[in-house]
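Architecture and fold: a report
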Amino acid sequence: MSKPREVYLPIHAVSCSEKSGCPYFELVKYSEEVEATCIAFCKATNRYLTRSFAKKCITFWETCPFKQITDSQ
């Protein structure tokens with residue numbers, strides 16, 4: 001599956017040190033300028049996550065409905 005291209009850094013940029021226990025969470029390096037910029041990608045929904053969704057994915061990944069649906073398929 002190819003990744004969507006729509007990225008708006010003011011809402012999508014996250015720290016490259018973010019980590020989630022979710023197997024569907026992926027950090028993608030977006031820029032190597034002054035500081036590395038990363039964006040979070042959800043493999044279960046095939047979309048980039050906004051910063052607020054990424055925080056939920058990091059904190060509440062075990063109860064994520066998208067993970068539960070994907071795991072049951």
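First things first, this report covers the structure right here in the doc. (Residues numbered from 1 in each chain as written. Predicted model: local features only at pLDDT ≥ 70, side-chain atom pairs only at ≥ 80, totals over all residues. Heavy atoms only, no water.)

1. A closer look at the pattern of salt bridges
- Enumeration over the complete set of coordinates arrives at 1 salt bridge.
- Where aspartate 71 meets lysine 67, a salt bridge forms, and the shortest distance between an N and an O atom there is 2.6 Å. Taken as a pair, aspartate 71 and lysine 67 lie in helix H3 (residues 65-72) at a separation of 4 residues, close to a single helical turn. (Salt bridge = Lys/Arg side-chain N within 4 Å of Asp/Glu carboxyl O. Helix = DSSP H or I, 4+ residues; strand = E, 2+ residues; numbered from the N terminus.)

2. Observations regarding the state of the cysteines
- Under the defined criterion, the tally for this structure stands at 1 disulfide.
- Across a sulfur-sulfur distance of 2.1 Å, cysteine 16 and cysteine 38 are joined as a disulfide pair. Residues cysteine 16 and cysteine 38 share a disulfide whose torsion about the S-S bond is about 105 degrees; that sign makes it right-handed. Note that cysteine 16 is positioned in the loop between strand S1 (13-14) and strand S2 (25-31) and cysteine 38 in strand S3 (residues 37-42), a separation of 22 residues in sequence.
- Residue class for cysteine 38 comes out buried when judged on its relative accessible area of 3%.
- Cysteine 42 takes part in no disulfide bond, and the closest cysteine sulfur, belonging to cysteine 57, lies 6.1 Å away.
- Looking at cysteine 57, it has no disulfide partner, and the nearest cysteine sulfur is the one in cysteine 22, 4.8 Å off. (Disulfide = S-S within 2.5 Å. Buried < 20%, exposed > 50% of the residue type's maximum accessible area, 1.4 Å probe, protein only.)

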